[in-house]
Amino acid sequence: MHKLHFLLFISSFLLIISCDFLGETDNSLVVVHTEYGDLTFKLYEQPEEHTENFHDLIEDGFYDSTTFHRILDGEMVQGGDPNTKDDDRFNDGMGGPGYKLPAEIFPELIHQKGALVSARVIGKDKLDKTAHGSQFFIVYGKTWTDQSIDSLANRRTSDIENFYIAKYLGDSLNSKIRDRMVKLSNEKKTDEFNQVTDSIRKVIINKFDLKPITYSEEARNIYKTAGGMPQWDGEYTVFGQLVDGFDAFEKIMKAKKGPNGRPEKDIIVTMEITGSEGAINNNESNTSNE
């Protein structure tokens, strides 16, 4: 077998196996029809609110005639905005059903290639992971190595700690410590500055019970073979997985794009629910990442 074909076979096989981690039952399928071909998804039993919302919107015809309005190379395809039905391209990405959804993040549901994920509402609070009412994206990503996953985990851990450190120093109650750090920085006393930072970091870790970001062996194996965006784990609500139509997905990712990843030619979608009622049961999944 040709090496490239073999790798594609292994990648697709592992994507199917990863769904088995989620305890497949007699599920309904969501089919997204496009001119490039059909994308078929199975939904997860949890997160319940997101899955039910997606079902309801599809049954109401909400998504029919919308388009994929943003494609980010190597990352994802985004859709679900009713504003894309009109001729005004400047309002794409700003529309919705008029409500938001609470974050329903399950550690075992990871951002592997083909994951169906709710877009987040853009806000000032980095900790607010409220989901959009209708907009979603389909993960593309890349393949990773153990070394790159370890590096990512360390960087994400540090970023979270630094975020809390900044909040800590921004509190008026800690103005004296902040002023001291500013003084040490201005005087270029690097060693003393780092000592103070390290002491604050310990306080922050204990105060907010921060844990290092880690990735399980199952998640690592998926990211090393099928690929995805592990940097998004724990940040967005994953509620489904692409199980058929990877060729169509590849074609969509390669569509010509203009500013902000907007496809030059509209990629119009219609959706339908097929098969029996139900969804993938993820309660016994072993692909935990954080």
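About the thresholds
- Residues numbered from 1 in each chain as written.
- Predicted model: local features only at pLDDT ≥ 70, side-chain atom pairs only at ≥ 80, totals over all residues.
- Heavy atoms only, no water.
- Buried < 20%, exposed > 50% of the residue type's maximum accessible area, 1.4 Å probe, protein only.
- Helix = DSSP H or I, 4+ residues; strand = E, 2+ residues; numbered from the N terminus.
- Arc of directions from axis to C-beta.
- Phe/Tyr/Trp six-rings, centres within 6.5 Å; stacked < 30°, edge-to-face > 60°.
- Lys NZ or Arg CZ within 6 Å of the ring centre and 35° of its normal.
- Patch = residues over 30% accessible without salt bridge, like charges linked within 9 Å, V, L, I, M, F, W, Y side chains within 5 Å.
- Areas by Shrake-Rupley, 256 points an atom, 1.4 Å probe, with all protein chains shown as cover.
- Salt bridge = Lys/Arg side-chain N within 4 Å of Asp/Glu carboxyl O.
- Lys, Arg positive; Asp, Glu negative; His and termini not counted.
- Charge placed at Lys NZ, Arg CZ, Asp CG, Glu CD.
- Axes fitted to C-alpha atoms, helices over the stretch in contact; angles between N-to-C directions.
- Parallel < 35°, antiparallel > 145°, perpendicular 65-115°, else oblique.
- Left-handed = near helix turned anticlockwise from the far one by under 90°.
- Contact = heavy atoms within 4.5 Å.
- Nonpolar A, V, L, I, M, F, W, Y, C, P; charged D, E, K, R; others polar.
- Polar contact = N/O pair within 3.5 Å; in protein donor to acceptor, adjacent residues only side chain to side chain.

The name given to the chain in an unreviewed UniProt entry is peptidylprolyl isomerase, with Marinigracilibium pacificum as the source organism.

Draft legend 1. Structural view of helix α7 (residues 246-253). Of the positions making up α7, those classed as buried are F246, A248, F249, I252 and M253. Looking straight down α7, one finds its buried side chains confined to an arc of 155 degrees; they lie on one side.

Draft legend 2. Here's a closer look at the packing of aromatic side chains. All chains considered together, the criterion is met by 13 aromatic pairs. Considering the side-chain rings of F54 and F136, the 5.9 Å spacing of their centres and the 80 degrees angle between planes classify their relative orientation as edge-to-face. Separated by 82 residues along the polypeptide, F54 in helix α2 (residues 48-59) and F136 in strand β8 (residues 131-139) bring together distant segments of the chain. As far as burial versus exposure is concerned, F54 and F136 are alike and both buried. Each ring, one from F137 and one from Y236, has its centre 5.2 Å from the other, and the planes form 85 degrees; the classification is edge-to-face. Here the residue F137 occupies a position in strand β8, and Y236 occupies one in the loop between α6 (217-225) and β9 (238-244), the gap between them amounting to 99 residues. Judged by relative accessible area, which is 5%, F137 ranks as buried. By relative accessible area, Y236 is classed as partly exposed at 21%. Through a chain of ring-to-ring contacts, the aromatic side chains of F54, F62, Y63, F68, F136 and F239 assemble into a single cluster. In this structure, K207 packs its charged tip against the face of F208, placed 5.6 Å from the ring centre.

Draft legend 3. Seen up close, a negative patch on the surface. Residues E45, E48, E49, E52, D56, E59 and D60 make up a contiguous surface patch of negative charge. Look at E48 and you get partly exposed, because its relative accessible area is 42%.

Draft legend 4. A look at the packing of helix α4 (residues 175-186) against helix α5 (residues 190-207). Where α4 meets α5, the axes come as close as 9 Å, and the angle between the chain directions of the two elements is 150 degrees. Taken together, the axis directions place α4 and α5 in an arrangement best described as roughly antiparallel. For the pair α4 and α5, the crossing hand works out as left-handed. Between α4 and α5, the contacting residues are I177, R180, M181, L184 and S185 on the first element and E192, F193, V196, T197 and I200 on the second. Taken together, the residues of the contact of α4 with α5 break down into 6 nonpolar, 2 polar and 2 charged.

Draft legend 5. Region of the structure containing the side chain of T84. Summarising the element assignment, T84 is placed in the loop between β5 (76-79) and β6 (100-101). Given a relative accessible area of 4%, T84 falls into the buried group. Within the structure, the side chain of T84 is placed 3.0 Å from the backbone nitrogen of T67, a separation counted as a polar contact. A distance of 2.7 Å separates a polar side-chain atom of T84 from the backbone oxygen of D81.

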